[in-house]
Structures are given as structure tokens and as C-alpha cells.
Amino acid sequence: MKDIFALKLYTRVARLGSFSAAARECNLSQSQASRLVADLEESLGARLLSRTTRAVVPTEAGAEFLARMEPILDALDEAEQSVREGGELRGTLRIGLPSSMAIREVIPRLTPFAARYPKLNIQILLDDKRQDLVREAVDVAIRIGRLTDSSATARLIAKINRVVVAAPSYLSQAGTPSAPADLSQHRIIGGPATMVPNAWIFERDGKTETLELSPHISTNDNEATVAAAAAGMGITSTQQWACRRELRDGSLVRLLPEWKTRDIPVHAYFPAGRATRAAARALTDFLAAEFRSQEEADAKAG
């Protein structure tokens with residue numbers, strides 16, 4: 001088992017390019033991590049890592065060893081899981097998530113999943129930018145929008161409604177748009193959800209209207225976009241889950257509800273070699289069922 005641990009440690013050092021970062025992940029000191037990898041190199045009779053003051057990178061032999069070893073370690077984890085009685089999940093499950101979606105939609109739903117698998121260590125990595133799934137050792141990542149990563153296996157788990165919203169305070173001063181074309185006369189708040197090509201496409205009775213709107217206020221964070229709208233700074237287009245709380249408490253109201261907007265796909269991404277992990281599959285099934293229930297509730301609510 002010590003040898004397997006050393007192999008897993010090596011893969012994390014190689015992916016992270018850092019002994020200290022890998023040591024923290026594995027609850028070791030940096031000196032312990034360095035010693036274990038050095039012992040591994042000695043036993044193999046090959047130098048796996050090139051160490052400098054600026055970086056730690058795999059040697060040619062180390063890169064080949066990494067490519068061969070990672071699938072074996074993944075298969076070993078899966079083999080151990082397959083023989084456990086009762087389908088009990090153990091070990092570590094690393095989930096990559098956009099911050100806003102994690103805080104608003106995913107984390108509040110995870111209590112039953114965590115209770116079902118008490119011996120599973122769940123690590124949640126929040127980042128609104130596209131994560132390097134392999135480098136971060138992410139088992140499954142939840143991503144919003146169109147598919148972009150051709151090296152990963154993806155599963156569609158939900159479609160989220162897009163809504164156009166504003167605060168009552170803004171509408172009382174600027175008026176309420178009655179048609180998509182009216183939006184050009186209003187202050188627009190730009191954010192991550194408004195930058196995609198279909199953010200301002202509206203459909204009704206077979207008619208499609210596509211608007212090109214220039215934001216008066218911009219932010220690179222979805223939570224900030226919603227906060228700006230709730231503060232009465234203008235109108236924005238975002239995912240329904242991103243402002244569900246504000247719609248319920250009345251700090252935001254939905255505009256142009258008779259016009260249909262383009263749904264936003266949500267995918268579970270599995271890095272190469274990790275799609276077979278039982279814990280990742282179990283979480284994906286759980287979230288897909290949760291999102292399906294929410295979609296049905298939203299449909300009933302209109």
C-alpha cells in the first residue's frame with residue numbers, strides 16, 4: 001500500500017508541478033513528499049522529475065510513466081470499489097463547479113448524497129474559469145453552456161431556463177419593456193451569462209428576434225451581475241437558477257415572460273479515464289434527478 005500511495009503522490013506532484021501543493025493534498029509535509037518520490041525514483045532506477053527553483057516538471061521518462069500509471073491507478077480504485085459490499089462508496093470525490101451554481105444550486109442539495117455515503121470524502125473545487133480537470137484531479141465537473149472540451153466525456157444532466165430580469169426600482173423609473181426591441185432603450189448589465197451568442201434571442205409564435213445590446217455596466221462574475229440588477233442598475237439576462245431567490249422575494253421581476261428564450265445546457269464532464277468512477281457516476285445520477293425535479297417545479301410555477 002505504501003508503494004501505491006507513492007505512485008499516487010507522484011502523479012499529483014507531476015500534474016500540479018509542485019511538491020508543496022501535492023503534499024497539502026495528501027496531508028504530508030513537503031519534505032515527506034519529496035522523500036517518498038525520491039525513494040520511488042531510486043526503486044525504479046530512473047529520474048521522474050526535473051526539479052528547479054521555479055518548477056517541478058516530469059522528465060521524458062517521468063512523462064511516459066505518468067501516462068501509463070494514471071489509468072492503472074484509476075482502474076485500481078474502481079476495482080476496489082466493485083468488491084465492496086452494498087455498493088458503499090469510499091475514498092475521495094473531487095467535484096469542479098462554477099462558484100455561483102455551487103453556492104446556489106448544488107451545495108444546498110448535497111446533504112442527502114453525503115448522508116447516503118458517509119465514508120466518501122467530497123472535495124468541492126470552485127472556479128468560474130474553465131478548470132484543467134486532469135491537473136486538478138477532478139473526477140467530475142459541472143459546466144454550463146455549450147460543449148468545449150473534446151478530451152473529456154460529457155453527459156447532459158439538465159437544461160436551464162434563461163430569464164430577463166430587472167428590479168422594480170429600475171422599472172419604476174425607466175419603464176417596463178413590452179417587446180424585445182424595447183430593450184435597446186434600457187440600461188443593460190453585462191455578465192458571463194450575457195456574453196454567450198444566444199443570450200438575447202427571443203422566440204414567439206414562430207417569430208425570432210435577435211438583439212445585439214451593448215452593456216452599460218459589466219462584470220465578470222455572475223453573482224455580481226444579479227446583485228447589480230437587484231440594486232436597480234439595469235436589465236440583465238441570466239440563468240433562472242442564478243436569480244431564483246431574488247425572483248421569489250421580489251427584488252427582481254421577470255420581463256417579457258411571453259417570449260421564449262434559449263435554454264442553457266448543463267453537462268457533467270469526466271476527464272479521460274475517470275468516467276467509470278463509481279462515485280462520479282453516483283453524484284451525476286443524483287444531480288440529474290435533482291435538476292429534473294427542479295425543472296418540473298419551475299414548469300408548474302410558470
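The text that follows walks through the structure, step by step, so that each part is easy to find.

Quick notes on the rules
- Residues numbered from 1 in each chain as written.
- Predicted model: local features only at pLDDT ≥ 70, side-chain atom pairs only at ≥ 80, totals over all residues.
- Heavy atoms only, no water.
- Pairing = 2+ DSSP bridges.
- Helix = DSSP H or I, 4+ residues; strand = E, 2+ residues; numbered from the N terminus.
- Salt bridge = Lys/Arg side-chain N within 4 Å of Asp/Glu carboxyl O.
- Buried < 20%, exposed > 50% of the residue type's maximum accessible area, 1.4 Å probe, protein only.
- Phe/Tyr/Trp six-rings, centres within 6.5 Å; stacked < 30°, edge-to-face > 60°.
- Contact = heavy atoms within 4.5 Å.
- Polar contact = N/O pair within 3.5 Å; in protein donor to acceptor, adjacent residues only side chain to side chain.
- Core = buried A, V, L, I, M, F, W, Y, C linked by side-chain atoms within 4.5 Å.
- Axes fitted to C-alpha atoms, helices over the stretch in contact; angles between N-to-C directions.
- Expected span 1.5 Å × (residues − 1).

**Looking at the sheet that holds strand β9 (residues 201-204)**
Ordered by their spatial adjacency, three strands build an open sheet running β10-β9-β14, and the pairing between neighbours is antiparallel. Edge positions in the sheet fall to β10 (207-210) and β14 (260-261), since each of these pairs with one other strand and no more. When β9 meets β14, the two strands line up antiparallel, connected through two bridges. Following the sheet pairing, F202 is matched in β14 by T261.

**Here's the deal with the pattern of salt bridges**
Tallied over the entire structure, the rule returns 14 salt bridges. For the salt bridge of R109 with E290, the shortest nitrogen-to-oxygen distance reads 3.2 Å. Of this pair, R109 sits in the loop between α5 (99-106) and α6 (111-116) while E290 sits in helix α10 (residues 278-301), and the two are 181 residues apart along the sequence. Among the residues examined, E290 registers a relative accessible area of 26% and is labelled partly exposed. The partner of D205 in a salt bridge is R204, and the shortest N-O contact between them spans 3.8 Å.

**Some details on the environment of E212**
Structurally, E212 is set in the loop between β10 and β11 (217-218). Put simply, E212 and A299 are 87 residues apart on the chain and 28 Å apart in space, counted from C-alpha to C-alpha.

**Thoughts on the packing of aromatic side chains**
In the structure shown here, the tally under the stated rule is three aromatic pairs. When the centroid spacing of 5.8 Å and the interplanar angle of 50° are considered together, the rings of Y10 and F65 count as tilted. Of this pair, Y10 sits in helix α1 (residues 2-16) while F65 is found in helix α4 (residues 60-82), placing the two residues 55 residues apart along the sequence. For the pair Y10 and F65, one class covers both residues: buried. Considering the side-chain rings of F113 and F286, the 5.5 Å spacing of their centres and the 45° angle between planes classify their relative orientation as tilted. On the criterion of sequence distance, the pair formed by F113 in helix α6 and F286 in helix α10 is long-range, its members being 173 residues apart. In this pair, the class of F113 matches that of F286, namely buried.

**Description of the environment of R51**
In this structure, R51 sits in strand β1 (residues 49-51). C-alpha separation for the pair R51 and S184, spaced 133 residues apart in sequence, amounts to 57 Å. The residues contacting R51, other than those within four sequence positions of it, are F19, V37, A38 and E41. Separated by 2.9 Å, the side chains of R51 and E41 make a polar contact. There is a polar contact of 3.1 Å between the side chain of R51 and the backbone oxygen of L49.

**With respect to the nonpolar core**
Core analysis: the biggest nonpolar cluster contains 41 residues, and L93, M101, F113, V140, I142, I157 and L283 have the highest contact counts within it. Take this core: its biggest share by element is nine residues, from α10. Non-local contacts of L93, meaning those with residues more than four positions away in its chain, are made with F113, L120, N121, I122, Q123, D139, V140, A279, A280 and L283. Within the second largest apolar cluster, 22 residues are counted, among which are V13, A21, A23 and M69.

**What to know about the sheet that holds strand β13 (residues 253-255)**
Judged by pairing direction, the sheet is antiparallel, and its three strands sit side by side in the order β12-β7-β13 without closing on themselves. Either end of the sheet is taken by a strand with one partner, and the two such strands are β12 (236-239) and β13. The mean inter-strand angle of the sheet, taken between neighbouring strand axes irrespective of direction, is 55°.

**Let's talk about α5**
Taking burial as the measure, the eight residues of α5 include six buried ones, the bulk of the element. Listing the buried residues of α5 in full gives S100, M101, A102, R104, E105 and V106.

**Some words on unusual backbone geometry**
The phi torsion of most residues other than glycine is negative, and most of the peptide bonds are trans. Positive phi values are uncommon outside glycine, yet D205 reaches one of about 50°. Along the chain, the position of D205 falls in the loop between β9 and β10. The phi angle at L256 is positive, at roughly 50°, despite the residue not being glycine. Tracing the sequence through the fold places L256 in the loop between β13 and β14. Residue classification places L256 among the buried positions, given a relative accessible area of 5%.

**Re helix α3 (residues 30-44)**
Taking 1.5 Å of rise per residue, the 15 residues of α3 would be expected to cover 21 Å, and the 21 Å separating its terminal C-alpha atoms lies within 8% of that figure. Following α3 by one or two positions, G45 adopts a phi angle in the positive range, close to 70°.

**With respect to the side chain of D139**
Tracing the backbone shows D139 in the loop between β4 (120-126) and β5 (140-144). Among the residues examined, D139 registers a relative accessible area of 2% and is labelled buried. Looking at D139, its side chain comes within polar contact range of the main-chain nitrogen of R94, at 2.9 Å.

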